[in-house]
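Residue strings, one per chain:
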Amino acid sequence: MAGSPIRIGYCLSLTGPLAANGQTARLAHQVWQEDVNSRGGLLGRQVELVCIDDHGDAASVPGIYEALLTEQKVDLILGGYGNNSITPAMPLAIEHGRFFVGLMGLGVNNTYKYGRFFALIPTGPDPNAALTEGFFETASRQTPRPATVAVLAADADFTRNPIAGARANAAKYGLEVVSEAKYSLATTDFAAVFREAESGKPDVLFLCSYLNDSVGLIRAVAESGTVAGLVGGAMIGPQSSTVQAQLGPLLNGIVNYEYWLPVPAMDFPGVSSLIATYQRRAAGTPADALGYYVAPFAYAQLQVVGQAIRETGGIDDEELADYTSKATFPTVVGDVKFGTLGEWAAPRVLTVQFRDIQGNDVAEFGRPGARVVVSPASFASGSLVYPYRAASKPSSS
């Protein structure tokens, strides 16, 4: 209705195990909302965001979206952060024929193949492989060249796709996976788990872990005296300022993935201003202090929706999806174009190495040199320090 706000409904995990990332996305969405409304809104209408807390409970997601559509009667729906917030909403989005732009969820549309779904996670048309290709490509360039890989992963559904990608990438770059072990999410003694994983003296230790277990594993790595050349891979947690503050210098030498960092090649229009605004407002809140991992993509998510609304002149789901499948979107994370299954047409996952962390102050991790981008070459800010032990201590020590 002309003059009434455009209402966009969705859920995020504002409490529960993923609350920091959910809170980060929520704050970035609010910054976008305020920015666009201060400029007159969209199509002359203000934008209202209706965000419901799913508490990290995937089972609650279908009911939330059902209520948003049938009771709240929102105009559009949006996907949240993580597979647990996006995947359970897919059947309902499909049933109602809704335009559905998700934030970060790995391979959400692989099964559904829904033509009106789009994802802001920059893992491209083969997300399983893209997440870890830089890790293994970087390993293959080192001297002496590593030959063997040990995989250590949480025994959970979310590790299945990254492990499949790691196997494929190891084979692609001529490395042999010599062992693969999984640990329970209830594990507390990570030193014992790690000792077993490295007992065969692999050249590369590929770790696929989740928040609290990432902390335990990295402590175990630091205490182990491992001779592995490369350690890390697909760890959820080291991107978080809370985890960074816990681990501090213990992160030195770890190689992991990121999606955006404040390096010169990624200074896209508007992103520095967004990060400055975000960090000022995040202080003292449950949101991530730095916001690098989620905030730019959450803002870009709504930039995509906003551009589609402006360019189609309305909020028709079919027209929005058709436009989005063909257009290029200038955003704070660079130009975004979607391809197969609504993923990015080309992947852009960063492989980074933690370096020269002196203490546990989160401000240390805000330095561009704290996480050196080693791959891909087009965004690199430095070269890998190899082997792991050579980078595991601050350079001044």
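Anything mentioned here points back to the structure above.
Notes on the structure in this doc start here. What you see is a predicted model, and the numbers here were worked out from it, not measured in a lab. (Residues numbered from 1 in each chain as written. Predicted model: local features only at pLDDT ≥ 70, side-chain atom pairs only at ≥ 80, totals over all residues. Heavy atoms only, no water.)

### Regarding the pairing of strand S1 (residues 6–12)
Taking burial as the measure, the 7 residues of S1 include 7 buried ones, the bulk of the element. Residue alternation in S1 divides its side chains into two sets, Ile6, Ile8, Tyr10 and Leu12 and Arg7, Gly9 and Cys11, and both sets are buried. Judged from the 7 bridges that link them, S1 and strand S2 (residues 47–53) form a sheet pairing that is parallel. Note that in S2 the partner of Ile6 across the bridge is Val47. Taken together, S1, helix H1 (residues 19–38) and S2 constitute a β-α-β crossover, and its handedness is right-handed. Inspection of the sheet shows S1 paired to strand S3 (residues 76–78) by 2 bridges, in the parallel sense. Looking across to S3, one finds that Ile8 is bridged to Leu76. (Buried < 20%, exposed > 50% of the residue type's maximum accessible area, 1.4 Å probe, protein only. Helix = DSSP H or I, 4+ residues; strand = E, 2+ residues; numbered from the N terminus. Pairing = 2+ DSSP bridges. Right-handed = clockwise from strand over helix to strand, strands pointing away.)

### Focus: the packing of helix H10 (residues 271–282) against helix H11 (residues 295–312)
Contact pair H10 / H11: the axes reach a minimum separation of 10 Å and the direction vectors enclose 115°. The angle between H10 and H11 falls in the class roughly perpendicular. As for the relative orientation of H10 and H11, their crossing is right-handed in sense. Contact residues: H10 offers Val271, Leu274, Ile275 and Tyr278, while H11 offers Ala295, Pro296 and Tyr299. Taken together, the residues of the contact of H10 with H11 break down into 7 nonpolar, no polar and no charged. (Axes fitted to C-alpha atoms, helices over the stretch in contact; angles between N-to-C directions. Parallel < 35°, antiparallel > 145°, perpendicular 65-115°, else oblique. Left-handed = near helix turned anticlockwise from the far one by under 90°. Contact = heavy atoms within 4.5 Å. Nonpolar A, V, L, I, M, F, W, Y, C, P; charged D, E, K, R; others polar.)

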